[in-house]
Amino acid sequence: MLDADYDVVEEVDSHLRHLRLARDQAELTTKTYAHAIAHYLRWCERTGRDWRTCADDLGLFILWLRHTPRELAAYDAERGGGGLLVPGAGVEPVRGGSRINLVLTAVRGFLLHAARTHSVPPSVIPALYEGAASADLAPEVCGDGPVRSQLRATHRVRSEARAVDRATDEEVLGLFRACLSCRDRLIILLMARAGLRRGQVAGLRREDVHFAVDSGPWDAGSRGLFRMPCGVRTSTARGPSRD
């Protein structure tokens, strides 16, 4: 990641390398986290905050994410001149709860990594998470087990689950017939019938595919034709349910 002077932001670069190489995250996941961290750094720059010490102000960051369109978020006031009039509460949010929570997850991971590498003070961690002991909960909740400590994110927003508008069989068939190569037809079949996502399809290798009904002999506890390649994070890949 580069700053306004096209210099590498070392702390962010270190975190993204950790995600991609040490934690084996998919390339698309790493790219998504990079965009999310860029939002955070841009907000800190626009509001005159130091990203290392403003974790307590993430509530204001959430407000900024809700109502600042991408083109305004990327606007450089020093080079463009003039002020900005940004809409606030009472107008339709430009980002939904799921998107905001994803950005917050990326920012928390970035700040935690920075704390581990001593780039930010340790005091940032209590600003990101709040703790509770099971002894403080009602008996019917915690039961008779030992006292346990639990952490949860301090900043989060509500997100409504939306029904997935999957392609119909006719639409999939139309895409299949429009393909000009066997490779493209295979991609359509993998996404429509095996439930793979774009990054999963792009990460497949020949050794990840075997033509057997039961993959037990090759991969214990897994059934199907595909073994998820290294670097792909997903739930069990499966086709759409047929009611």
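On a predicted model such as this, the values are computed, not experimentally measured, just so you know.

Structural notes on helix α2 (residues 27-46)
Compared with the 28 Å implied by 1.5 Å per residue over 20 residues, the 29 Å span of α2 between its first and last C-alpha is a close match. Note on α2: the residue one or two positions beyond its end, G48, has a positive phi of about 70°.

Digging into the packing of helix α3 (residues 58-67) against helix α6 (residues 97-116)
Closest axis-to-axis distance for the α3/α6 pair is 11 Å, and the angle between their directions is 140°. Judged by the inter-axis angle, α3 sits oblique to α6. Note that α3 runs across α6; the crossing there is right-handed. Of α6, the residues touching α3 (which contributes L58, F61, I62, L65 and R66) are I100, V103, L104 and V107. Grouping the amino acids of the contact of α3 with α6 by side-chain chemistry returns eight nonpolar, no polar and one charged.

A look at the pattern of salt bridges
According to the stated counting rule, one finds nine salt bridges in the structure shown. Close ionic contact of R152 with E130 constitutes a salt bridge, the shortest N to O distance being 2.6 Å. Highlighted residues: R152 in strand β2 (residues 149-153) and E130 in strand β1 (residues 129-133), separated in sequence by 22 residues. Between R183 and D184 there is a salt bridge, with its nearest N and O atoms 2.9 Å apart. Since its relative accessible area comes to 59%, R183 is described here as exposed.

With respect to the packing of aromatic side chains
The tally for this structure, following the rule as stated, stands at five aromatic pairs. Between Y40 and F61, the ring centres sit 5.6 Å apart and the planes meet at 80°, which makes this aromatic pair edge-to-face. Of the two residues, Y40 is situated in helix α2 and F61 in helix α3; the sequence distance between them amounts to 21 residues. Here Y40 and F61 have matching classes, each one buried. Their ring planes at 20° and their centres at 6.1 Å tell us that F61 and W64 sit as a pair that is stacked. Taken together, the residues F61 and W64, both in helix α3 and three residues apart, mark about one turn of the helix. W64 carries the same exposure label as F61, and that label is buried.

Definitions and cut-offs
- Residues numbered from 1 in each chain as written.
- Predicted model: local features only at pLDDT ≥ 70, side-chain atom pairs only at ≥ 80, totals over all residues.
- Heavy atoms only, no water.
- Helix = DSSP H or I, 4+ residues; strand = E, 2+ residues; numbered from the N terminus.
- Expected span 1.5 Å × (residues − 1).
- Axes fitted to C-alpha atoms, helices over the stretch in contact; angles between N-to-C directions.
- Parallel < 35°, antiparallel > 145°, perpendicular 65-115°, else oblique.
- Left-handed = near helix turned anticlockwise from the far one by under 90°.
- Contact = heavy atoms within 4.5 Å.
- Nonpolar A, V, L, I, M, F, W, Y, C, P; charged D, E, K, R; others polar.
- Salt bridge = Lys/Arg side-chain N within 4 Å of Asp/Glu carboxyl O.
- Buried < 20%, exposed > 50% of the residue type's maximum accessible area, 1.4 Å probe, protein only.
- Phe/Tyr/Trp six-rings, centres within 6.5 Å; stacked < 30°, edge-to-face > 60°.

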